[in-house]
Amino acid sequence: MNSTALEIEDLFLFLNGKTILQDISLAIAQGERLAIVGPNGAGKTTFLKCLLRLFHGSGSIKLLGRKIADYSQKELARTLAYVPQLDGQSIPFTVKEFVLMGRYPHLSPFSILSPEDYRIADWALALTGTRPFMDRLLDTLSAGERQKVLIAASLVQEGSILLLDEPMAFLDPRHQVDIQCLLDQLNREHGITLLTVTHDINAAIAYSTRIIALKEGTLVFNGTPEAFADNRILEIIYQQRFLFTHHPQTGHPIAIAQNQ
């Protein structure tokens, strides 16, 4: 088995006459928990969408050792799953209906859901703690509950790589902890490779095995959380100095934006 989940070489993306991503090269190992950080407009979400083939740049992207262009859409969806940022959009389905829609990569046209499809959906509902409200409409859920449902729907695709766009945005502290614990479980116990876009640099430091930073579409940092927690690095990325302390329980560095 290839130990590399994704390999990106010389990725460039031009949209509407503008360079959005340029000269991005990196390899992501299976089982990694990668955080993608950077200021607004750096190209973080666009980078994820290139991996999903929603945008087509130049350069090379390989998924599990195979060119991403060679995957059918269903093959891609059985390997990569995407959890978008919460946007408040109305979704007129129950939780169970929505999660079962995630089985589409495993279905043939006009086929009906099998007992195995229902079993996998029930597993995802149980794992994410969403089974108690599986008959409720998504529009009646809190932001934290809804985020767990989006993760459950991605899990039933049975992919080995999960792309998440700001999964903690708009969540209260309790649900932030719940989602982080769930993602930790998926990574540690189920071996799922996680690529997470986040603006929370302290969460990136605490919960990732590696951090990459984009700035104006360019990869400006690729290294460990410990190396990232350095004013020389953060000032280049954010044009902002930080003060540092340490978490009293874990000892992880905590960065606090310093008044100018």
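These numbers come from a predicted model, not from an experiment.

Quick question: what am I supposed to make of the overall build of the chain here?
Helix and strand counts for the chain stand at nine helices and 12 strands. In terms of overall dimensions, the chain is globule-like: its C-alpha atoms have a radius of gyration of 19 Å, near the 18 Å expected for 260 residues. A principal-axis box enclosing the C-alpha atoms of the chain has dimensions of 55 × 45 × 35 Å. Looking at the chain residue by residue over its 260 residues, the buried ones come to 47%. Of the contacts made within the chain by residues no fewer than 6 positions apart, 64% connect residues no fewer than 24 positions apart. Accessible surface, the chain as shown: approximately 12900 Å² in total, 53% of it carbon and sulfur. Once the 23 positive and 27 negative side-chain charges of the chain are each reduced to a mean point, those two points are 2 Å apart.

Explain the pairing of strand β12 (residues 253-257) here, please?
Successive side chains on a regular strand alternate, one facing one side of the sheet and the next facing the other. Bridge analysis of strand β11 (residues 242-246) against β12 gives five bridges, and the strand direction is antiparallel. Opposite Leu243, over in β12, you have Ile256 as the bridge partner. Turn length for the β11-β12 hairpin, with the two strands adjacent in sequence and antiparallel, is six residues, and the turn residue Gly251 shows positive phi of about 80°.

Is there a simple way to think about the environment of Leu80 in this case?
Along the polypeptide, Leu80 turns up in strand β6 (residues 80-83). A relative accessible area of 3% places Leu80 in the buried class. Separated by 17 residues in the primary sequence, Leu80 and Leu63 have C-alpha atoms spaced 9.0 Å apart. For Leu80, the contacting residues outside a window of four places in its chain are Leu51, Leu52, Leu63, Ile68, Gln157, Ile161 and Leu163.

How do you make sense of the UniProt feature "domain: ABC transporter" (unreviewed entry) in the chain when you look at a structure like this?
Per the UniProt record, "domain: ABC transporter" (unreviewed entry) is found at residues 6-241. In residues 6-241, the share of helix is 36% and the share of strand is 26%. The end C-alpha atoms are 33 Å apart.

Whenever I open this one, the nonpolar core confuses me. Can you help?
Note that soluble globular proteins tend to have their nonpolar side chains buried in a common cluster. Ranked by internal contacts, the top residues of the largest apolar core, which has 33 residues, are Val95, Val99, Val149, Ile151, Leu162, Leu183 and Leu186. The element contributing the most residues to this core is helix α5 (residues 143-155), with six residues. The contact partners of Val95, leaving out residues within four places of it in the chain, are Leu125, Thr130, Phe133, Met134, Arg136, Leu138, Leu141 and Val149.

Where do I start with unusual backbone geometry in this structure?
Non-glycine residue Asp10 carries a positive phi angle of around 55°. Assignment of secondary structure puts Asp10 in strand β1 (residues 4-15). Taking relative accessible area as the criterion, Asp10 reaches 42% and is therefore assigned partly exposed. Non-glycine residue Phe170 carries a positive phi angle of around 70°.

Cut-offs and rules
Residues numbered from 1 in each chain as written. Predicted model: local features only at pLDDT ≥ 70, side-chain atom pairs only at ≥ 80, totals over all residues. Heavy atoms only, no water. Helix = DSSP H or I, 4+ residues; strand = E, 2+ residues; numbered from the N terminus. Rg over C-alpha atoms; globule rule 2.2 N^0.38 Å. Buried < 20%, exposed > 50% of the residue type's maximum accessible area, 1.4 Å probe, protein only. Contact = heavy atoms within 4.5 Å. Areas by Shrake-Rupley, 256 points an atom, 1.4 Å probe, with all protein chains shown as cover. Lys, Arg positive; Asp, Glu negative; His and termini not counted. Charge placed at Lys NZ, Arg CZ, Asp CG, Glu CD. Pairing = 2+ DSSP bridges. UniProt positions renumbered as here; feature names shortened; annotations may be inferred. Core = buried A, V, L, I, M, F, W, Y, C linked by side-chain atoms within 4.5 Å.

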